Amino acid sequence: VQLVESGGGLVQPGGSLRLSCAASGFTFRSYTMKWHRQAPGKERELVAAITSAGGSTNYVDSVKGRFSISRDNAKNTVYLQMNSLKSEDTAVYYCNAVFRKYYDYWGQGTQVTVSS
């Protein structure tokens, strides 16, 4: 099983980034996919989630209206489009795949730094 995040980097406040998470080794289309983040000195928090068929999404309040999660089951990839980035969005972002609470896979994370 592999989850490989990409797309992180340094961006100025107000800018945008698109994170990608390429999955392999499991039946991607059956899993709920999530993005979490962990800022220095803070606990990991759930940022966004999308159901297996992509019919339902949810977001932490702090990113509503700015971030958008999507998935392409044909490409085994989940995305996080991040717009209007703020300094408080600086964190390591992790991709997470969950199936019926028994199967729970994580990526290694990608750093997002929002700074001028």
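Preceding this section is the structure that the text describes.
Residues numbered from 1 in each chain as written. Predicted model: local features only at pLDDT ≥ 70, side-chain atom pairs only at ≥ 80, totals over all residues. Heavy atoms only, no water.

Right, let's talk about the state of the cysteines for a bit. Per the counting criterion, the structure on display carries 1 disulfide. Paired by a disulfide, Cys21 and Cys95 hold their sulfur atoms 2.1 Å apart. Disulfide Cys21-Cys95: the torsion about the S-S bond is -80 degrees, which places it as left-handed. Highlighted residues: Cys21 in strand E3 (residues 17-24) and Cys95 in strand E9 (residues 91-99), separated in sequence by 74 residues. Across the pair, exposure class does not vary: Cys21 and Cys95 are buried alike. (Disulfide = S-S within 2.5 Å. Helix = DSSP H or I, 4+ residues; strand = E, 2+ residues; numbered from the N terminus. Buried < 20%, exposed > 50% of the residue type's maximum accessible area, 1.4 Å probe, protein only.)

Within the secondary structure layout, Val11 lies in strand E2 (residues 9-11). With 74 residues separating them along the chain, Val11 and Leu85 place their C-alpha atoms 8.0 Å apart. Not counting the four nearest positions on each side in its chain, Val11 is found in contact with Ser16, Leu17, Leu85, Thr113, Val114 and Ser115. (Contact = heavy atoms within 4.5 Å.)

Taken in spatial order, the 4 strands of this open sheet run E1-E3-E8-E7, and their pairing is antiparallel. Strands with a single pairing partner mark the edges of an open sheet, and in this sheet they are strand E1 (2-6) and strand E7 (67-72). Ignoring strand direction, the axes of neighbouring strands in this sheet form an average angle of 15 degrees. Pairing of E1 with E3, which is carried by 5 bridges, proceeds in the antiparallel orientation. Of the residues in E3, the one forming a bridge with Val4 is Ala22. (Pairing = 2+ DSSP bridges. Axes fitted to C-alpha atoms, helices over the stretch in contact; angles between N-to-C directions.)

In this section: the side chain of Thr77. Assignment of secondary structure puts Thr77 in strand E8 (residues 77-82). A distance of 2.8 Å separates a polar side-chain atom of Thr77 from the backbone oxygen of Lys75. Leave out the neighbours within four places in its chain, and Thr77 touches Ser20, Cys21, Ala22, Phe28, Arg71 and Asp72. (Polar contact = N/O pair within 3.5 Å; in protein donor to acceptor, adjacent residues only side chain to side chain.)

Our next topic: the pattern of salt bridges. Under the criterion given, the structure shown has 4 salt bridges. Across the salt bridge formed by Arg37 and Glu45, the nearest N and O atoms sit 2.7 Å from each other. Among the residues examined, Glu45 registers a relative accessible area of 29% and is labelled partly exposed. Arg37 is paired through a salt bridge with Asp89; the nearest N and O atoms lie 2.9 Å apart. Of this pair, Arg37 sits in strand E4 (residues 32-38) while Asp89 sits in the loop between E8 and E9, placing them 52 residues apart in sequence. A residue is classified by how much of its surface remains accessible, and Arg37, at 6% relative accessible area, is buried. What emerges from the salt-bridge pattern is a single network uniting Arg37, Glu45, Arg66 and Asp89. (Salt bridge = Lys/Arg side-chain N within 4 Å of Asp/Glu carboxyl O.)

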